[in-house]
Amino acid sequence: MFDALAGVTVLEYAGFVSGPYCGKLLAEMGATVLKVEEPVRGDPARRYGPFPSGIPHREKSGLFLFLNTNKQSVTLNPTSPTGRDLFLRLAAKTIILIEDRRPGEMAEMGLDYPKLKESNPGLVQVSITPYGQDGPKASWKANHINTFHASGEGYTLPGGMTNALFPERGPVAGGVHLGEYDAGLMAASAAVAALLAREASGAGQQVDISKQEAIMGLSRLGMAQSMGQGIVYDRSRSYEYGGIFGCRDGYVILYPREDSQWKALAEIMGRPELAEDARFRTRPARIENGAAINLVLSEWASGQGKEEIYYQVAPSGCPTAFFSTPENAHHSPQFEAREFFEDVTHPMAGTLRHPGRPYRFGAGGRPDTKPAPTLGQHNEKILCGELGLAPQELSRLGRGGTI
Amino acid sequence: MISDGAVLKAALAGIRVLDFTNLMAGPFPSLLLGFLGAEVIKVESNTRLDAARRPPYSFQTPGQTAGGAADNSPVFNSVNLNKLSVLLNLKEPQAIDLGHRLAAISDVVVENMRPGVMDRLGLGYSQLRESNPTIIMASISGAGATGPESSYPGYAPAFSALGGLGHLTGYSDGPPAEMHDSVDSRIGATALFALLTALFRRRRTGHGEFIDLSSREAITMFSGEALMEYTMNGVVQERRGNEEPGLAPHGCYQCSGDDRWLTIAVVNQEQWQDLCRVTQNPKWLSDPRFADALKRWDNREALDQLIQDWTLTRDAGETAELLQQAGIAADISIDGKELAADPHLHARKTWDFVEHPILGHIQVPSPPWKFTGTPATIRAPGPLLGQHNGYVLGELLGVEREQMDQWVENGVVD
């Protein structure tokens with residue numbers, strides 16, 4: 001069983017996507033993750049959806065259910081003195097704290113890292129903000145659209161084919177909440193790296209995660225070309241030839257880069273003579289005659305289904321892909337064979353097929369996935385069971401708005 | 001920088017990584033392990049030169065010999081910082097043997113060849129484990145090591161398409177987006193997390209591990225919410241440009257100058273009022289089409305046009321400042337050149353500089369995290385091809401000078 005982080009406790013004081021995705025990744029590796037949510041309202045992701053049949057319900061948001069599997073939930077308002085005291089007691093018992101408050105906010109609450117470290121010198125605090133803890137833009141507000149475009153990647157999207165169709169339109173952000181996931185993933189690695197350091201020394205530390213930097217750091221290749229070769233990509237970035245082609249039910253990528261790949265593709269298209277056509281035979285010739293080769297590819301693709309093309313071309317070794325939708329993913333034979341999706345049963349939302357884990361471990365097996373918690377589901381377990389509060393205290397704290 | 005008293009060793013001090021990777025998805029996780037303090041040995045060969053050492057990423061400068069071009073690649077440099085380079089021609093049995101000897105003194109192996117290639121070379125997990133029972137190995141492939149599509153070739157734009165991100169990115173009425181190398185990095189970042197957890201597990205249990213990472217699965221994770229929508233309602237989410245359902249204004253607006261754009265996200269009524277005030281447009285405030293969030297969303301096309309009429313004559317950067325001062329989320333859509341000069345990023349040392357023997361003084365992005373106790377660091381430029389043959393084979397493996405010369409001669413060290 002691969003439960004690498006068994007015994008590691010995590011306190012997650014974070015909402016929406018980045019912090020919770022970080023917590024989710026740690027939880028599915030076996031860590032015990034306790035999520036601190038705002039009383040009554042809970043994590044903003046609970047209000048975001050998607051909801052079954054579109055009807056909002058705080059226990060049925062698809063975003064929340066996905067991002068919070070394997071966690072426990074306690075409601076707590078750390079801005080009240082009693083809530084702060086409880087938060088301090090929880091933080092004293094945890095190994096990792098994930099928080100996403102704006103820089104300085106934890107200090108205003110009397111919960112900054114130096115304070116938390118007093119009673120827990122081994123604490124690893126992962127702080128996730130749009131622009132980092134310091135610098136001229138530290139206090140700037142940002143939503144996903146802002147950080148994604150501030151990372152440089154937005155400026156390069158959506159790419160040449162779209163740009164040719166809509167030259168007057170501007171750059172776009174990565175789909176769904178891509179950059180928020182990027183930051184959560186980078187934060188999760190930082191947390192485990194800090195854990196490894198802590199194993200050696202016993203000491204904790206704070207890690208400063210800037211979403212802007214997490215996303216930007218993924219475009220090293222383009223940045224290096226910009227720095228060293230003066231190539232600055234914008235949304236007209238395109239293939240030298242080949243690329244995206246429309247077909248009957250969507251889009252595919254066809255990119256016969258090498259001569260052998262072009263030959264294979266020409267045969268699949270039923271036009272083997274094109275492999276020897278002087279306009280297309282070599283890569284320089286194909287680049288030179290990009291418009292002509294694209295016309296050939298486009299005519300061939302337009303009459304067929306996207307998966308039909310993919311399953312014909314991919315085995316030949318010619319680079320290809322089809323643009324997969326959520327529906328295609330749910331029906332992919334490859335995902336099926338690897339059991340990528342897993343059914344998770346939630347007490348209120350029912351059984352839903354979640355994307356599972358993108359890695360398989362030789363150690364085999366994995367802990368069963370537990371559904372996302374309902375709001376405050378673990379109040380009694382944590383506050384009474386672990387902090388030793390009397391059960392009657394809970395209703396008093398509830399009335400006072402602390403939990 | 002936030003600072004903290006204790007100075008600790010690097011998080012991965014004492015960890016050695018053997019890197020059989022190429023181009024981007026594989027080199028990225030070993031780059032990040034190197035930032036964290038691991039010693040990374042990149043196994044290279046003239047007979048299968050890393051694609052990042054070839055055109056268009058590498059280029060000749062006037063007067064340079066052909067041999068030097070492999071080292072004249074800013075891309076290779078940036079994704080192989082801190083690494084050591086040793087030449088091993090894996091077609092030679094002796095080189096495979098040296099690979100095993102290196103694995104025996106390493107903690108981690110990373111590779112991104114097609115599934116099965118490492119096994120055929122004699123460097124698969126089960127084979128390397130004989131040389132090092134606690135080795136951790138990550139194999140990064142297109143579709144994973146198993147399943148009917150495991151042998152299909154893959155490259156970055158293919159993963160963004162097959163992993164669903166392409167479909168969800170782009171204008172709502174246009175084709176899907178073309179995403180490039182950043183997609184490779186996202187795969188590598190996923191591999192890094194799996195590798196670090198396996199290292200933690202080994203420290204606790206003494207067990208090694210094999211990690212089979214599917215690029216397509218790694219990318220699919222990023223659209224979890226859209227996959228949930230399908231399983232819940234059978235609804236296929238579509239791309240939506242810069243829109244966020246229910247929020248307006250929320251978009252990317254053209255400003256004065258050459259292709260300059262500004263993002264604005266208004267998330268509540270108070271910010272809407274502030275926007276009307278700061279743009280000196282009181283009539284927007286009294287316009288019934290924009291009276292509340294729902295009305296603004298329904299009339300977003302008209303609203304976006306008004307906002308863009310306002311931004312079109314204004315400087316993007318100054319307008320971002322102005323809106324931020326009013327408490328509104330706004331920033332420019334930044335291009336590569338501006339990013340390199342950005343004062344905020346320089347203040348945070350998000351950029352670093354290395355001295356490369358051929359590229360010279362060159363700017364590179366710093367590690368993507370700021371650790372207060374165990375800083376992630378850039379300690380050396382990307383290696384020249386075979387630069388560390390002597391250290392790796394001589395010092396680490398104790399190979400004698402004459403033996404090494406002979407291997408260079410007969411193409412083992414090549």
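From a predicted model like this one, the values you see are computed outputs, not experimental measurements.

## Section: the overall build of chain A
A count of helices and strands for chain A gives 18 helices and twelve strands. The principal-axis extents of the C-alpha atoms in chain A amount to approximately 85 × 45 × 45 Å. Relative to all contacts within chain A whose residues are 6 or more apart in sequence, the contacts with residues 24 or more apart total 69%. Accessible surface computed for chain A: about 13,700 Å², of which carbon and sulfur atoms make up 50%.

## Remarks on empty space enclosed by the protein
What the rule picks out here adds up to eight cavities of 30 Å³ or more. Within this model, the largest cavity holds a volume of roughly 220 Å³. Together, 21 residues line the largest cavity, and Gly152(A), Thr156(A), Ser219(A), Gly222(A) and Tyr233(A) are the ones closest to its centre. Only helix H10 (220-229) of chain A together with helix H8 (181-205) and helix H16 (336-341) of chain B provide two or more residues apiece to the lining of the largest cavity. Considering only residue class, the lining of the largest cavity consists of seven nonpolar, nine polar and five charged. By volume, the second largest cavity amounts to about 100 Å³. In terms of lining, the second largest cavity is formed by 14 residues, of which the most central are His144(A), Gly174(A), Val176(A), Gly241(B) and Glu243(B). A breakdown of the residues in the lining of the second largest cavity according to their chemical character gives four nonpolar, seven polar and three charged.

## Structural notes on the domain arrangement of chain A
On domain assignment, one finds that chain A holds domain 1 (9-218 + 337-399) and domain 2 (243-324). Distance between the C-alpha centres of domain 1 of chain A and domain 2 of chain A: 43 Å.

## A word on the domain arrangement of chain B
The domain architecture assigned to chain B consists of domain 1 (16-222 + 346-409) and domain 2 (250-333). Its C-alpha centre places domain 1 of chain B at a distance of 44 Å from the equivalent point of domain 2 of chain B.

## As for the interface of chain B and chain A
Facing 144 residues of chain B, the contacting portion of chain A comprises 153 residues. Counting the contacts that link chain B with chain A gives 14 salt bridges. The residue Arg186(B) makes a salt bridge to Asp182(A) at a minimum N-O spacing of 2.7 Å. Inspection of the chain B/chain A interface yields 67 residue pairs in polar contact (both at pLDDT 80 or more).

## Overview of the nonpolar core
With 121 residues, the main nonpolar core has Leu26(A), Ile96(A), Leu196(B) and Trp369(B) as its most contacted residues. The element contributing the most residues to this core is helix H8 (residues 178-201) of chain A, with 15 residues. Once you skip the residues sitting within four places of it in the chain, Leu196(B) turns out to touch Ser189(A), Val192(A), Ala193(A), Leu196(A), Leu12(B), Leu33(B) and Leu36(B).

## Some thoughts on the side chain of Glu149(B)
Within the secondary structure layout, Glu149(B) lies in the loop between strand S5 (136-141) and helix H6 (156-162). Judged by its relative accessible area of 1%, Glu149(B) is buried. A distance of 3.4 Å separates the side chain of Glu149(B) from the side chain of Tyr310(A), its partner in a polar contact. Beyond its immediate chain neighbours, meaning those up to four positions away, Glu149(B) contacts Tyr310(A), Tyr311(A), Pro333(A), Gln334(A), Ala143(B) and Arg216(B).

## Describing the pattern of salt bridges
This model, assessed by the stated rule, comprises 50 salt bridges over all chains. Across the pair Arg102(A) and Glu105(A) runs a salt bridge, and its minimum N-O distance is 3.9 Å. Take Arg102(A): its relative accessible area is 46%, and that puts it in the partly exposed class. Residue Glu105(A) is classed as buried on the basis of its relative accessible area of 18%. A salt bridge links Arg300(B) to Glu243(B); the shortest N-O distance between them is 2.8 Å. Within this pair, whereas Arg300(B) is found in helix H14 (residues 300-311), its partner Glu243(B) is found in the loop between helix H10 (224-233) and strand S7 (250-254), the two being separated by 57 residues in sequence.

## With respect to the pairing of S7(B)
Successive residues of a regular strand alternate their side chains across the two faces of the sheet. Residue and element names in this part refer to chain B. Within S7, four of the five residues are buried, leaving the element largely enclosed by the surrounding structure. Note that S7 and strand S8 (residues 261-265) share five bridges and pair antiparallel. Residue Gln254 lies in a different strand from S8, and its bridge partner there is Trp261. The hairpin formed by S7 and S8 contains six residues between the paired strands, and Gly257 there has a positive phi angle of roughly 95 degrees.

## Considerations on the packing of aromatic side chains
The final tally for this structure, using the stated rule, is 22 aromatic pairs over all chains. The interplanar angle of 35 degrees and the centroid separation of 5.4 Å between the aromatic rings of Tyr125(B) and Phe210(B) together place this pair among those described as tilted. One end of the pair, Tyr125(B), is in helix H5 (residues 125-131); the other, Phe210(B), is in strand S6 (residues 209-214), with 85 residues separating them in the sequence. Per residue, the accessibility class of Tyr125(B) equals that of Phe210(B), and both read buried. An aromatic cluster of at least three residues, connected via ring pairs, comprises Tyr21(A), Phe66(A), Tyr181(A) and Phe222(B). Lying across the ring of Phe166(A), Arg169(A) places its NZ or CZ 3.9 Å from the centre. Looking at Arg216(B), its charged tip hangs above the ring of Phe335(A), at a distance of 5.2 Å from the centre.

## Some words on the sheet that holds strand S7 (residues 243-247) of chain A
As a general point, the strands of a sheet are linked pairwise by backbone hydrogen bonds and lie either parallel or antiparallel. All names here are of chain A. Read from one edge to the other, the open sheet built from three strands follows the order S7-S8-S9, with strand pairing classed as antiparallel. With one partner strand each, in any of the chains shown, S7 and strand S9 (320-322) form the two edges of the open sheet. Between one strand axis and the next, the sheet turns by 25 degrees as a mean value, whatever way the strands run. Note: S7 against strand S8 (residues 250-254), five bridges, orientation antiparallel. Residue pairing for S8: Gly246 is matched across the bridge by Tyr251.

Here is what the cut-offs are and how they apply
- Just so you know, the residues in each chain are numbered from 1, in the order the chain's sequence is written.
- Chains carry letters from A onward and ligands carry numbers from 1 onward, assigned in written order.
- In keeping with the model being predicted, local features are shown solely for residues with a pLDDT of at least 70 and side-chain atom pairs are shown and tallied solely at 80 or more, while totals for entire chains, interfaces and linings include all residues.
- Think of the side-chain values as coming from all heavy atoms in the structure, minus any hydrogens and water.
- The way it works is that DSSP assigns letters per residue, a run of H or I at least four long becomes a helix, a run of E at least two long becomes a strand, and they are numbered from the N terminus.
- Any pair of residues with heavy atoms lying within 4.5 Å of one another is described as a contacting pair.
- For every accessible area listed, the method is Shrake-Rupley and the probe measures 1.4 Å; residues are considered covered only by the protein chains on display.
- Only protein atoms enter the 1 Å grid, on which a cavity is a set of points fitting a 1.4 Å probe that cannot get out and a pocket is an open set with protein on both sides within 12 Å along at least 5 of 7 lines, lining residues being those with an atom within 4 Å of a point.
- Grid points are joined across faces, edges and corners, and a volume is the space filled by probe spheres set on the points.
- When residues are grouped by polarity, Ala, Val, Leu, Ile, Met, Phe, Trp, Tyr, Cys and Pro land in nonpolar, Asp, Glu, Lys and Arg in charged, and all others, Gly among them, in polar.
- Domain limits in this description derive from either an automatic procedure or a database domain assignment.
- By definition here, a salt bridge exists when the distance from a side-chain nitrogen of Lys or Arg to a carboxyl oxygen of Asp or Glu is within 4 Å.
- Pairing of N or O atoms within 3.5 Å defines a polar contact, subject to two protein rules: one partner must be a possible hydrogen donor and the other a possible acceptor, and residues neighboring in sequence count only if both atoms are side-chain atoms.
- To define a nonpolar core, start from buried Ala, Val, Leu, Ile, Met, Phe, Trp, Tyr and Cys residues and group those joined through side-chain atoms within 4.5 Å.
- Using a 1.4 Å probe on the protein chains alone, a residue whose accessible area is under 20% of its type maximum counts as buried, one over 50% counts as exposed, and one in between counts as partly exposed.
- In this scheme, strands are said to pair when DSSP sees at least two bridges between them.
- We call Phe, Tyr and Trp rings a pair once their centres come within 6.5 Å, taking the six-membered ring for Trp, and we label the pair stacked below 30 degrees between planes, edge-to-face above 60, and tilted otherwise.
- Placement of a charge over a ring requires the Lys NZ or Arg CZ to be within 6 Å of the ring centre, with the centre-to-atom vector within 35 degrees of the ring normal.
- Between N-to-C directions, angles cover 0 to 180 degrees, with each direction set by a line fitted to C-alpha atoms, over the stretch in contact for helices.

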